[in-house]
Amino acid sequence: MFYFYIPNLVSNSKTIQLPAKPKGSETYFLVRCNGYCSGVNISLKVSSGDPDLFALDYVRPQLIKYSCLECYPFCFSASFSATESCNNITTFTEHLHVLVHAYENYQNGTITFENVKDVEEVNEGK
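All residue numbers refer to positions counted from 1 along the written sequence of the respective chain. This being a predicted model, a pLDDT of at least 70 is required before a residue's local features are given, and a value of 80 or more before pairs of side-chain atoms are given or counted; all residues contribute to the totals for chains, interfaces and linings. In computing side-chain properties, one takes all heavy atoms of the structure into account and sets aside hydrogens as well as water.

*Asks:* Residues and numbers for the packing of aromatic side chains, please.
*Replies:* Paired rings are identified among Phe, Tyr and Trp, the last through its six-membered ring, by centres lying within 6.5 Å, and are further divided according to the angle between planes into stacked (under 30 degrees), edge-to-face (over 60) and tilted (the rest). For the structure shown, the criterion picks out four aromatic pairs. When the centroid spacing of 5.7 Å and the interplanar angle of 70° are considered together, the rings of Phe-80 and Tyr-103 count as edge-to-face. On the criterion of sequence distance, the pair formed by Phe-80 in the loop between β5 (75–77) and β6 (83–89) and Tyr-103 in strand β7 (residues 95–106) is long-range, its members being 23 residues apart. Residue Phe-80 is classed as exposed on the basis of its relative accessible area of 70%. In this text, helices come from DSSP runs of H or I with a minimum length of four residues, and strands from runs of E with a minimum of two, each type numbered from the N-terminal end. A 1.4 Å probe rolled over the protein chains alone gives each residue an accessible area, and that area as a share of the maximum for its type sets the label: buried under 20%, exposed over 50%, partly exposed in between.

Written out as structure tokens, the structure reads:
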């Protein structure tokens, strides 16, 4: 059996408004691509506070002591700032699971996904 890599041929951008969240809150998104995800960019900006950004291909990111070791090849952005981003994400799946974790309280912001087919918020944790 042969497997072919089918690149993401969609260059759509989607921006979602993020309301203020308390420390420890988790918001999940399911990102769908047209074929395998390729060249996906995610940027997260809030007016104040400290959110972190993580993504995995097959399953939702799970944090253990504020870290997601499995996320490193895809998206692990946990700086002490109000802006996080991951660029040029490529998977061998047609989707990507994204987690925005409130390391500290944060105020209203946006998360932007580039080179995707669509994005939906799938669940809010804590």
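Let's pick the thread back up.
*Asks:* Outline the pattern of salt bridges, listing residues and values.
*Replies:* Put simply, a salt bridge is a Lys or Arg side-chain nitrogen that is within 4 Å of an Asp or Glu carboxyl oxygen. Considering all chains together, one arrives at three salt bridges under this definition. Among the ionic pairs, Glu-104 bridges to Lys-23, the shortest N-O distance being 3.8 Å. Taken together, the residues span a long stretch of sequence, with Glu-104 in strand β7 and Lys-23 in the loop between β1 (12–18) and β2 (26–32) at a distance of 81 residues. Between Asp-118 and Arg-32 there is a salt bridge whose closest N-O contact spans 3.4 Å. Of this pair, Asp-118 sits in strand β9 (residues 118–124) while Arg-32 sits in strand β2, and the two are 86 residues apart along the sequence. Taking the relative accessible area as the measure of exposure, Arg-32 reaches 30% and is therefore partly exposed.

*Asks:* Provide a residue-level description of the state of the cysteines, including the pertinent values.
*Replies:* Disulfides are defined in this document as cysteine sulfur pairs within 2.5 Å. Taken as a whole and judged by the stated rule, the model has one disulfide. Covalently, Cys-33 is tied to Cys-37 through a disulfide, its sulfur atoms 2.1 Å apart. Across the S-S bond of Cys-33 and Cys-37 the torsion is about 100°, and the bridge reads as right-handed. Each member of the pair Cys-33 and Cys-37 is classed as buried.

*Asks:* So, the sheet that holds β1: which residues are in play, and what are the values?
*Replies:* An order of β1-β8-β3-β6 is seen for the four strands of this open sheet, with the pairing classed as antiparallel. Either end of the sheet is taken by a strand with one partner, and the two such strands are β1 and β6. Averaged over all pairs of adjacent strands, the angle between strand axes in this sheet comes to 10°, irrespective of strand direction. Of the pairings in the sheet, the one linking strand β3 (residues 40–46) to β6 comprises five bridges and is antiparallel in character. Its bridge partner being in β6, Ser-43 is matched across the sheet by Ser-85. Pairs of strands are assigned from DSSP output, requiring at least two bridges between the strands. The axes are straight lines fitted to the C-alpha atoms, using for helices just the contacting stretch, and the angles between their N-to-C directions are given from 0 to 180°.

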